[in-house]
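# Per-entry structural report
Listed below are the residues making up each chain.
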Amino acid sequence: MELDLLVIGSGPGGQRAAIQAAKLGKRVAVAERRDRLGGVSIHTGTIPSKTLRQAVLEHLAQRPLDVLDPTRLDESDRQAVRELLDRTARVVAAETAVVREQFRRNHVGLLPGDASFEDAHTVRIAGNDEPIHAERIVLAVGTRPARPDSVAFDDRTIIDSDGLLKMDRRVPRTMTIVGAGVIGVEYASIFGALGTKVTVVDKRDRVLAFLDGEIGEAFQYLLRRANVTFRLREAVAAVEGGGRVRLESGKELISETVLYAVGRQGDTAGLGLDRAGLEADKRGRIPVDEQQRTAVEHIYAVGDVAGGGLAATAMEQGRTAALRAFGEPVDKLPELVPTGVYAIPEIGMVGRTEEELTDAAVPYVAGVARWSELARGLMTGDEDGMLKLLVSTEDRRLLGVHVIGTGATDLVHIGQAVMGGGAPVDFLVTAVFNYPTFAESYKVAALDAANRIRAMA
């Protein structure tokens, strides 16, 4: 089979690369493992975890005075847990169908099976005798959870994030999560909301160190209030059978379920990269340049396998890699890329933190709006949220936007747009926002910042 472009992997980056090339009139096909169309994002990553979170929030909203307690689950609660997981499965199936239809509509071929290189232009698909020859190739194979030898995975009580959604349709009474990164804290907040007593272990002294310090402290406080205990500055020596976690400090933790969520490896082991003239690093990632091109000129890598981390970023990397591969003009990816943490509560941020501005000796003021001051916050019962604007005292432009609480991952885009357009904080002061909304927090925070600047003057 002769192709203009072969994409290996059908996650967010692979989808966009394939469809963009097809829209250029190229012969395109995507190689993906059987029953994995949509990649990690749809089957074990972004889509199922965020669907489970949303389902939990909606279930708890129906029981505002009673958080689920796994020690007192009656049959109706057990049925609710089954429904949460069933809903996740339905969304995964629906998203898979959407990807399949997008490929069909854009005339993108689908090659089911494991792919491996024979040479830099030739790929063999397991179960298919005909080799695939492609002028250009995009690698979008994603990552898999790290599984070190010191962890006795049994995929039942000691699991990684891929196995989390297969937990016998039950809510564990106790859970230890090793790793306080994004995956770890998102699941800690979900199971804590369901009543599980969660202990999060991490050798770092802060949870999500990339967050603005004040937001990070508020986040930890809210999780502690929701059944989550943190064991920070603690290194794990081993995870043993029976849910036993031994720490290097000599402590031991025992729980029904252990979720190991420390790091992910590029899923490149079976690709035969050496036969294509490529080499992955010790984490299985493939080095790329600013154009997502690997050491082999006609082979590109996008998404997590190229050191990415956000599905939204991978989408743009895939689209622009396809454009570059065929000599089409490409706009540079923007510097202002928002970050979202889909925990309970959720977090959104764009730009710099207070700590970064302080270290760089950049003068600024912080303007804050709290959900407890907003009519919408009182209506929804979320009085813990807040929005913080970091504003330059020199030119009054936004330097950073940080949100925690209901709608945070959506709200942050307003700040992103204002920052990208270079408007001063006065734009938000004079803007009219619908009332009552969470969006009006921008006006409240902008007024706070403007008043602080006026007081300084």
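An account of the accompanying structure is given in this report.

By the definition in use, this model includes 23 salt bridges. Taking the shortest distance from any N to any O, the salt bridge between Arg-104 and Glu-101 comes out at 2.6 Å. With Arg-104 and Glu-101 both in helix α4 (residues 75-105) and three residues apart, this pair spans about one turn of that helix. Measuring nitrogen to oxygen at the nearest pair gives 2.7 Å for the salt bridge that ties Arg-147 to Asp-160.

Bringing the environment of Pro-338 into the picture now. Mapping Pro-338 onto the fold places it in the loop between α7 (311-325) and β18 (339-341). Overall, Pro-338 belongs to the buried group, its relative accessible area being 19%. Expressed as a C-alpha distance, the spacing of Pro-338 and Val-412, which sit 74 residues apart in the sequence, is 7.2 Å. Excluding its chain neighbours within four sequence positions, the residues that come into contact with Pro-338 are Leu-310, Met-349, Val-350, Val-412, His-413 and Gln-416.

Looking now at the sheet that holds strand β12 (residues 236-240). Across the sheet, which stays open at both edges, the three strands sit in the order β12-β13-β14 with antiparallel pairing between neighbours. Strand pairing shows two members of the sheet lacking a second neighbour, β12 and β14 (252-254), which therefore form its edges. Neighbour to neighbour, the strand axes of the sheet diverge by 15° on average, direction disregarded. Sheet analysis places β12 next to strand β13 (residues 244-247), joined by four bridges and oriented antiparallel. By the bridge assignment for β13, Val-236 is matched with Leu-247.

Right, let's talk about the packing of aromatic side chains for a bit. Following the criterion strictly, the structure yields two aromatic pairs and no others. For the pair Phe-153 and Tyr-260, a centre-to-centre distance of 5.9 Å together with 90° between the ring planes defines the contact as edge-to-face. A residue pair is termed long-range when its members are at least 10 positions apart, and Phe-153 in the loop between β7 (143-145) and β8 (158-160) and Tyr-260 in strand β15 (residues 257-260) qualify at 107 residues. Judged on exposure class, the residue Phe-153 and its partner Tyr-260 are both buried.

Val-56, Ile-177, Tyr-187, Val-200, Val-207 and Phe-219 are the most contacted members of the largest nonpolar core, which has 40 residues in total. If you list the elements that add at least two residues to this core, you get α3 (46-61), α4, β9 (174-178), α5 (182-193), β10 (197-202), α6 (213-224), β11 (228-232) and β19 (347-351). The element that contributes the greatest number of residues to this core is α5, accounting for six residues. In this structure, Val-391, Val-429, Tyr-442 and Ile-453 belong to the second largest nonpolar core, which totals 30 residues.

The rules we used
- Residues numbered from 1 in each chain as written.
- Predicted model: local features only at pLDDT ≥ 70, side-chain atom pairs only at ≥ 80, totals over all residues.
- Heavy atoms only, no water.
- Salt bridge = Lys/Arg side-chain N within 4 Å of Asp/Glu carboxyl O.
- Helix = DSSP H or I, 4+ residues; strand = E, 2+ residues; numbered from the N terminus.
- Buried < 20%, exposed > 50% of the residue type's maximum accessible area, 1.4 Å probe, protein only.
- Contact = heavy atoms within 4.5 Å.
- Pairing = 2+ DSSP bridges.
- Axes fitted to C-alpha atoms, helices over the stretch in contact; angles between N-to-C directions.
- Phe/Tyr/Trp six-rings, centres within 6.5 Å; stacked < 30°, edge-to-face > 60°.
- Core = buried A, V, L, I, M, F, W, Y, C linked by side-chain atoms within 4.5 Å.

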